[in-house]
Amino acid sequence: MAHNKKNKNIEKEELGLTVKKNDDFSEWYQQIIIKSELADYSPVSGCIIFRPLAYAIWEKIKEEIDKRFKKAGIKNVYFPLLIPESLLKKEANHLAGFSPEVAWVTEAGNSKLNERLAIRPTSETIMYHSYSKWIRSWKDLPLRYNQWNNVMRWEFKNPVPFLRSREFLWNEGHTVFATKKEAEDEGKEIIGIYDEILREYMALPSLIGKKSKGETFAGAEYTISCEHYLPNGKAIQGPDFHHDGQIFAKAYDIKFLNKDGKEEYAYQNTFAISTRNLGIMFAIHSDDNGLIIPPKLAPNKIVIIPILFEDSKSKVLKKAQEIFIKLQEFSPIIDDREDYSAGWKYHEWELKGIPIRVEIGPKDLANEQIILMRRDTLEKKKVKIKDLEKEIKIIIEEMQKNLYKTAEKLLKENIEIVENFNSFKKSIENKKIVYAPWCTEEKCAKELKEKIEGVKPLNSPLDKKREIKGKKCIICNKEARDYFYFGKSY
RNA sequence: CGGGGUGUAGGUCAGUUGGUAGACUGCGUGGUUUGGGACCACGAUAUCGGGGGUUCAAGUCCCUCCACCCCGACCA
């Protein structure tokens, strides 16, 4: 009956995702985030609430990176949230880059402050103020500090959970060296750490390369970035590393006496990975059934669902409990709620991205087996209970690899190499990232942006480049100086 | 910040020429169920985004502010 059909539709709308990833990415993404209980909106526009699931994933990422930073000799510190306006103003480029999106504290209680205080959009200015006091001699170097904190950038575009929020969490590494070479060498180490975490934990490939002049961090000499490709055809920047040369050192007076007793400005780097990468990861891996979390990052890797019938309930529950104890290392969830059907639970946990489901029912008891379902392929497999741990470990490995492979395929299939403007335009219209020769002049980047909305140079790979000799810039047709990736940016 | 759209129960939405608040879902309790979104009964839940105005009467008309969504300039 029509009435029933209508009810059925509403029911579906309620519980699961109502749109497909390929049909309406933006709506799909929002539903993934809200319905899987990763995050929720807050009363402050652009500031989201990290619910336990999202925060646990972030904690794990943070833990792995932090471990590697510490091993590399980087120490954690904490600097204040508020930065006096006078300090923020010291480096002109840096200020120009951030001032449009700085939030200010102007009052305390009923009294106006003498000087406005910026809520940090990033901490160079306040940290370097101290650095200039702390660094006196070559013996004080290198100084390698990092902080895990929140920053605020008052974006005017619509906020999107994780991908573009006004407050976000990140690490900001701020290091100081006596020589340019030492500073630049650190770049390889840091990008190596970020890349490892992206690949091994988040199952995300990226395009690593040097940013163009126009896209370089405000106040840096150059920027190395990891660029990702989102399923909606947009490119988005992940972790980055900036070599500041002596620019900040000169603005903030960070000098030291070298071994010859001569005064020198220090060389600096800054680097960061933010909670934006959570959004990138959720967007790339998840599907029409809901969230998919790479198993290495999933706080609960397994959900055990006992199939309960009146006559066998206690036996099945008992076995499920045994398995629950046996699988503790995977921090399992046991869903023994009696007021929901098994099918309902399957949908719920798929939506929430639990990597592996263990089904156990009366038919399985006799054979000492269970059914395993993996979230990425939705494949089911019968497994003997004695082989459970072994099989789960295999599936976790395979799933982690498979997610990476699928993400890599998405990235590779969406890169096209072009050498003239017309095919460039066509590729961009087809939502590709384009690899093309460029004269590297900023006026060409500007012209490009005017000709094709939202397109910008992403970066230029550090190695394995194509031969640039003899190639022409796809915009001005003059001699090209480098190959760059271009794309519509998120 | 510019252009467009939307705000009614926790969620999705209905609400006719203005006449005083509805559905489904979810939530609570009890019972029957449970191998891919089961069912029955009862129950709680709305300052109709906020403020102001027109009117005998406003969810409905007008003004204003706010929030959210889409598209742009900016950005991790």
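Calculation criteria
Residue numbers here run from 1 along each chain, matching the order of that chain's written sequence. As they are written, the chains are lettered A onward and the ligands numbered 1 onward, keeping that order. Residues qualify for local features only when their pLDDT is at least 70, as the model is predicted, and side-chain atom pairs are given and counted only at 80 or more; totals for whole chains, interfaces and linings, by contrast, use all residues. In DSSP terms, a helix is any run of H or I states spanning at least four residues, a strand is any run of E spanning at least two, and both are numbered starting from the N terminus. Every radius of gyration here is taken over C-alpha atoms, with the globule rule written as 2.2 Å times N^0.38, N being the number of residues. Exposure is read from a count of other C-beta atoms within 10 Å of each residue's own; the residue is exposed at 12 or fewer, buried at 20 or more and partly exposed in between. C-beta atoms are placed from the backbone. Contact criterion: two residues are in contact if their C-beta atoms, reconstructed from the backbone, are within 7 Å. Along the chain, pLDDT gives the predictor's confidence residue by residue, from 0 to 100. Here, nearness means that the C-beta atom of a residue, built from backbone geometry, sits within 6 Å of the molecule or strand in question. Note on residue classes: Ala, Val, Leu, Ile, Met, Phe, Trp, Tyr, Cys and Pro are nonpolar, Asp, Glu, Lys and Arg are charged, and everything else, Gly too, is polar. Nonpolar cores are identified as sets of buried Ala, Val, Leu, Ile, Met, Phe, Trp, Tyr and Cys residues joined via C-beta atoms within 7 Å. The rule for pairing is simple: two strands pair if DSSP sees at least two bridges between them. Fitted lines through C-alpha atoms give the axes, limited to the stretch in contact for helices. The angle between two N-to-C directions lies from 0 to 180 degrees. The span you would expect from a helix comes to 1.5 Å times its residue count less one. By definition, the arc is the one covered by directions from the helix axis to the C-beta atoms. For this classification, under 35 degrees means roughly parallel, over 145 means roughly antiparallel, 65 to 115 means roughly perpendicular, and everything else is oblique. Here is the rule for handedness: rotate from the far helix to the near one, and if that takes an anticlockwise turn smaller than a right angle the crossing is left-handed, while a clockwise turn gives right-handed.

Enquirer: Mind showing me how you'd approach the overall build of chain A here?
Expert: In terms of helices and strands, chain A carries 15 helices and 24 strands. Expected size for 490 residues packed as a compact globule is a radius of gyration near 23 Å; at 26 Å, chain A falls within 12% of this value. Counting the 490 residues in chain A, one finds 38% classified as buried. Sequence-distant contacts, at least 24 apart, represent 68% of the contacts inside chain A between residues at least 6 apart.

Enquirer: In this structure, what is going on with the confidence of the model for chain A? I would like to understand it.
Expert: Close inspection of predicted coordinates is inappropriate for parts of the model with low pLDDT. Averaged over every residue, the pLDDT of chain A is 92; residues scoring 70 or more account for 97%. Here the prediction assigns the complex a pTM of 0.95, and the interface score ipTM is 0.86.

Enquirer: Where do I start with the protein's contact with RNA strand B in this structure?
Expert: Around RNA strand B lies a shell of 54 residues, among which Gly16, Ser45, Lys157, Gly343 and Gly361 are the nearest. Mapped by element, the contributors of at least two residues to the surface near RNA strand B are α1 (2-15), β11 (235-245), α11 (342-351), α12 (362-367) and β18 (369-374). It is α11 that contributes the most residues to the surface near RNA strand B, eight residues altogether. Looking at the surface near RNA strand B residue by residue, the classes come out as 20 nonpolar, 15 polar and 19 charged.

Enquirer: For this particular structure, what's the right way to read the nonpolar core?
Expert: Note that soluble globular proteins tend to have their nonpolar side chains buried in a common cluster. Residues Tyr194, Leu204, Phe282, Ile302 and Ala436 are the most contacted members of the largest nonpolar core, which totals 92 residues. Apart from the residues lying within four places of it in its own chain, the contact partners of leucine 204 are Leu198, Arg199, His228, Ile280, Met281, Ile284 and Ala407. Core analysis: the next-biggest nonpolar cluster, separate from the first, contains 21 residues, Ile83, Ala118, Met127 and Phe256 among them.

Enquirer: Please clarify how the sheet that holds strand β5 (residues 103-108) should be interpreted in this entry.
Expert: Two orientations exist for strands paired in a sheet by backbone hydrogen bonds: parallel and antiparallel. An order of β4-β6-β5 is seen for the three strands of this open sheet, with the pairing classed as antiparallel. Single-partner strands in this sheet number two, and they are β4 (82-84) and β5. Put simply, the sheet's adjacent strands are angled 45° from each other on average, direction ignored. Inspection of the sheet shows β4 paired to strand β6 (residues 111-119) by three bridges, in the antiparallel sense. Looking across to β6, one finds that leucine 82 is bridged to isoleucine 119.

Enquirer: Explain the sheet that holds strand β8 (residues 167-177) to me, please; I cannot follow it from the model alone.
Expert: The strand order across the open sheet built from eight strands is β3-β7-β8-β14-β11-β10-β9-β23, with neighbouring strands paired in mixed fashion. Each of the sheet's edge strands pairs with one partner strand only, and the pair in question is β3 (75-76) and β23 (460-461). Two strands pair when backbone bridges link them, and β8 and strand β14 (residues 267-274) are joined in this way by eight bridges, in the antiparallel orientation. The residue of β14 that forms the bridge with glutamate 172 is alanine 272. Packing of helix α9 (residues 276-285) onto the sheet brings it into contact with β8, β10 (222-229), β11 and β14, and relative to β11 it is tilted by some 150°.

Enquirer: I keep staring at the environment of arginine 276 and nothing clicks. Help me out?
Expert: Of note, arginine 276 is situated in helix α9. Residue class for arginine 276 comes out buried when judged on the 23 C-beta atoms lying within 10 Å of it. Sequence separation between arginine 276 and leucine 297 is 21 residues; the distance between their C-alpha atoms is 16 Å.

Enquirer: Mind showing me how you'd approach the pairing of β8 here?
Expert: The side chains of a regular strand alternate between both faces of the sheet. Buried residues dominate β8, accounting for nine of its 11 residues. Alignment of strand β7 (residues 143-152) against β8, held across 10 bridges, turns out to be antiparallel. Pairing of asparagine 150 across the sheet is with leucine 169, part of β8.

Enquirer: Would you take a moment to explain the environment of proline 159 for this structure?
Expert: Structurally, proline 159 is set in the loop between β7 and β8. C-alpha of proline 159 to C-alpha of glycine 46: the two residues are 113 residues apart in sequence and 4.9 Å apart in space. Those residues in contact with proline 159, other than ones at most four positions away along the chain, are Ser45, Gly46, Arg164, Ser165 and Arg166.

Enquirer: Can you walk me through helix α10 (residues 313-326) in this structure?
Expert: Note on helix geometry: an α-helix contains 3.6 residues per turn, so any two residues three or four positions apart are oriented the same way. The terminal C-alpha atoms of α10 lie 20 Å apart, and with 14 residues this matches the ideal 20 Å at 1.5 Å per residue to within 8%. Every buried residue belonging to α10 is among Val316, Lys319 and Ala320, and all of these are buried. Looking down the long axis of α10, one finds its buried residues gathered within 100° of arc, a one-sided arrangement. Summarising the geometry of α10, the exposed residues directed more than 90 degrees from the buried face are Ser314, Lys318, Glu322 and Ile325.

Enquirer: Looking at this model, I keep getting lost on unusual backbone geometry. Mind explaining?
Expert: Most peptide bonds take the trans configuration, and most residues that are not glycine carry a negative phi. A cis amide bond links leucine 141 with the next residue in sequence, proline 142, at an omega value of -5°. With respect to the helices and strands, the residue proline 142 is situated in the loop between α6 (124-134) and β7. Of note, aspartate 253 is a non-glycine position whose phi angle comes to about 60°, a positive value. Locating aspartate 253 in the fold gives a position in the loop between α8 (247-252) and β12 (255-257). Classification of aspartate 253 as partly exposed rests on a count of 15 C-beta atoms within 10 Å. Its identity as a non-glycine residue notwithstanding, glutamate 368 has a phi of 55°, on the positive side. Within the secondary structure layout, glutamate 368 lies in the loop between α12 and β18. Given 10 C-beta atoms within 10 Å, glutamate 368 falls into the exposed group.

Enquirer: Sorry, what's going on with helix α2 (residues 25-35) here?
Expert: Residues Trp28, Tyr29, Ile32 and Ile33 constitute the buried set of α2. Each buried residue of α2 lies within a common arc of 130° when the element is viewed along its axis, so the set occupies one face. The positive-phi residue at the C-terminal boundary of α2 is glutamate 37, with phi of around 65°.

Enquirer: Sorry if this is basic, but what is going on with the pairing of β6 here?
Expert: One ladder, built from five bridges, connects β5 with β6; its direction is antiparallel. Note on β6: the bridge partner recorded for tryptophan 104 is alanine 118. Taken together, β5 and the strand that follows it, β6, pair antiparallel across an intervening segment of two residues, in which glycine 109 is found at a positive phi of about 60°.

Enquirer: Help me understand the packing of helix α3 (residues 52-72) against helix α7 (residues 180-201), please; the structure alone is not making it clear to me.
Expert: For any two helices packed against each other, one specifies the inter-axial angle together with the distance between the axes. Two elements in contact, α3 and α7, have axes whose closest approach is 11 Å; the angle formed by their N-to-C orientations is 150°. Put simply, α3 runs roughly antiparallel to α7. For the pair α3 and α7, the sense of crossing is right-handed. For the pair formed by α3 and α7, the contact residues are Ile61, Glu64, Ile65, Arg68 and Ala72 on the first element and Glu189, Ile193, Ile197 and Tyr201 on the second. Partitioned by chemical class, the residues of the contact of α3 with α7 number six nonpolar, no polar and three charged.

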